[in-house]
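Report on the structure
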Amino acid sequence: MCGIIGLVKRQGDAVGDVYEGLKRLEYRGYDSAGIASLSGGAIDVFKRKGGVDSLLGGIGNLRGRVAMGHTRWATHGEPSDVNAHPHVAGKIAIVHNGIIENHRALTKELESGGYAFLSDTDSEAIAALIDFYYRESGDLLRAVASAVNRLQGSFSLCVMCADFEGLIAVRYKSSQAIGFAPYGVFVASDIPALPPSSREIFLPDDGTITLTDGLKTQAYDFSLNPKKCVRRAISHGQWSADKGGYPHFMLKEIEEAERTVKDTVDGITRCGCMKKCAEILGGARDIIITGCGTAYNSGLAALPYFEHVGA
Ligand code: GLU
């Protein structure tokens, strides 16, 4: 699991806001981090192995009302400066949360078209693929759509282009929230990453491309048919993710595990849901358990119990 955050500000510098967003996202990944900014048609990137704090030595030089950042929990390629996101190819920069299952085939294809890859990540292929289609058509939105239609796996993306003063977000099988603040539009992995000033959110469903220039925001499906961008009001108190006095999130999760399990079981038992669930599951032909990260492993651990009961 990684965290992505992007901001298109109406005016002023977005880099500090993106850094603050990364601090809020650190619970999603903390092996490396990076920020890209766009100013005067140039993309600048600073990225480092280590926690979000490790960016403080380099982001002072980044400027721009468009910026995006990433905090990584590696799936492909060790934690290192070069494997950290954002990844850049030509005029395109991306940050990615998820896994690209066909990245080897794509990398090979792009290498034979002249692209050179610097990192060991699956994500770098996305930047190169979008750049490839952008060179071909000169149409950024169409290039993003062409590229994402070729990706297999899961991806929540934020895409920056040197020629466009805005951002493009893409969501497929990975979480994403778009936040609207009076001063600009955020793209984030989840709601707790958004600042309290973003009082309205749009939650794109799977297969959505969202384009924003900070003033106008439009959503599309992967065939570029316009989609409704339904905004709803949000109160941030209920979503806050903080370390509660622990030095880092992993320790907090470990220490809180017993209480969390108890609270969950109590909640389900109290509302009578457990009985209802047992009835529904008892009559089911197939049971599909879905999950990502720790939830995926919990699903695997639960599997034998369901099989045992069903047998
Ligand atoms: N697969 C990407 C990488 O390893 C993103 C990781 C993630 O989302 O957890 O850099």
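Calculation notes
Residues numbered from 1 in each chain as written. Predicted model: local features only at pLDDT ≥ 70, side-chain atom pairs only at ≥ 80, totals over all residues. Heavy atoms only, no water. Helix = DSSP H or I, 4+ residues; strand = E, 2+ residues; numbered from the N terminus. Expected span 1.5 Å × (residues − 1). Buried < 20%, exposed > 50% of the residue type's maximum accessible area, 1.4 Å probe, protein only. Contact = heavy atoms within 4.5 Å. Near = heavy atom within 4 Å. Polar contact = N/O pair within 3.5 Å; in protein donor to acceptor, adjacent residues only side chain to side chain. Nonpolar A, V, L, I, M, F, W, Y, C, P; charged D, E, K, R; others polar. Salt bridge = Lys/Arg side-chain N within 4 Å of Asp/Glu carboxyl O. Pairing = 2+ DSSP bridges. Axes fitted to C-alpha atoms, helices over the stretch in contact; angles between N-to-C directions. Parallel < 35°, antiparallel > 145°, perpendicular 65-115°, else oblique. Left-handed = near helix turned anticlockwise from the far one by under 90°.

Overview of helix α3 (residues 124-137)
The terminal C-alpha atoms of α3 lie 20 Å apart, and with 14 residues this matches the ideal 20 Å at 1.5 Å per residue to within 8%. Among the 14 residues of α3, ten are classified as buried, and the element is accordingly described as predominantly covered. By the burial criterion, the buried members of α3 are Glu-124, Ala-125, Ile-126, Ala-127, Ala-128, Leu-129, Ile-130, Asp-131, Tyr-133 and Tyr-134. Among the structural elements, β5 (87-89), β6 (92-100), α2 (103-112), α4 (140-148) and β7 (153-161) are those in contact with the buried residues of α3. A positive backbone phi angle near 70° is found at Gly-138, which sits one or two residues after α3.

Brief notes about the site of the ligand
Cys-2, Arg-72, Thr-75, His-85 and Gly-98 are the nearest of the 14 residues found near the ligand. Between the ligand and the protein, one listed contact pairs a nitrogen atom with a side-chain N or O atom of Thr-75 at 2.6 Å. The backbone of Gly-98 places a nitrogen or oxygen atom 2.7 Å from an oxygen atom of the ligand. With three residues, the top contributor of residues to the shell around the ligand is β6. Tallied by class, the residues present in the shell around the ligand amount to four nonpolar, eight polar and two charged.

What to know about unusual backbone geometry
Residue His-85 is joined to Pro-86 through a cis peptide bond whose omega torsion reads 0°. Relative to the helices and strands, Pro-86 is located in the loop between β4 (66-72) and β5. The phi dihedral of Lys-173 falls on the positive side, at around 55°, and the residue is not glycine.

Observations concerning the pattern of salt bridges
Pairing of side chains with opposite charge becomes possible as their charged atoms draw close. Evaluation of the coordinates by the stated rule reveals 13 salt bridges. With a shortest N-O distance of 3.0 Å, Lys-9 and Asp-17 are connected by a salt bridge. Taking the relative accessible area as the measure of exposure, Lys-9 reaches 13% and is therefore buried. Notably, a salt bridge pairs Lys-23 with Asp-53, separated by 2.8 Å at the nearest N-O pair. Taken together, the residues Lys-23 in helix α1 (residues 15-25) and Asp-53 in the loop between β3 (42-49) and β4 connect sequence positions 30 residues apart. Lys-23 sits in the partly exposed class, given a relative accessible area of 27%. Each of Lys-23, Glu-26 and Asp-53 takes part in a single network of salt bridges with overlapping partners.

A word on the pairing of strand β10 (residues 184-188)
In terms of residue burial, β10 counts as a mostly covered element, since five of its five residues are buried. Covered by surrounding structure in β10 are Gly-184, Phe-186 and Ala-188 together with Val-185 and Val-187, the residues of both alternating faces. As paired strands, strand β1 (residues 3-9) and β10 are joined by five bridges and run antiparallel to one another. Looking at β10, one finds that Lys-9 is bridged to Gly-184. Both strand β9 (residues 177-181) and β10 contribute to a ladder of five bridges, which runs antiparallel. Within the sheet, the bridge partner assigned to Gly-179 lies in β10 and is Phe-186. The hairpin turn running from β9 into β10, its antiparallel successor, is two residues long.

Considering the pairing of β3
Here strand β2 (residues 32-39) pairs with β3 via eight bridges, running antiparallel. Bridge assignment links Ser-39 to a residue of β3, and that residue is Ala-42. Two successive antiparallel strands, β2 and β3, enclose a turn made up of two residues, where Gly-40 displays a positive phi of approximately 55°.

Things to note about the packing of α3 against α4
The N-to-C vectors of α3 and α4 enclose an angle of 135°; their axes lie 8 Å apart at closest approach. Here α4 runs oblique to α3, going by the angle between their axes. Considering only the axes of α3 and α4, their crossing is right-handed. Contact residues: α3 offers Leu-129, Ile-130, Tyr-133, Tyr-134 and Ser-137, while α4 offers Leu-140, Arg-142, Ala-143, Val-144, Ser-146 and Ala-147. Considering only residue class, the contact of α3 with α4 consists of eight nonpolar, two polar and one charged.

Remarks on the sheet that holds β10
The strands making up a sheet associate through hydrogen bonds between their backbones, and the pairing can be parallel or antiparallel. If you walk across this open sheet you meet the eight strands as β3-β2-β4-β1-β10-β9-β11-β15, and the pairing is antiparallel. With partners counted over all chains shown, the strands left at the sheet margins are β3 and β15 (232-233), one partner each. Pairing of β9 with strand β11 (residues 200-202) involves three bridges; the strand directions are antiparallel. Opposite Ile-178, over in β11, you have Phe-202 as the bridge partner. In this fold α1 packs onto β1, β2 and β4, with an angle of close to 155° to the strand it touches most, β1.

A look at the environment of Leu-38
By the element assignment, Leu-38 lies in strand β2. Along the chain, Leu-38 and Arg-135 lie 97 residues apart, while their C-alpha atoms are 19 Å from each other. Apart from the residues within four sequence positions on either side, Leu-38 is in contact with Ile-43, Arg-63, Gly-64, Arg-65, Val-66, Met-160, Cys-161, Ala-162, Phe-164 and Glu-165.

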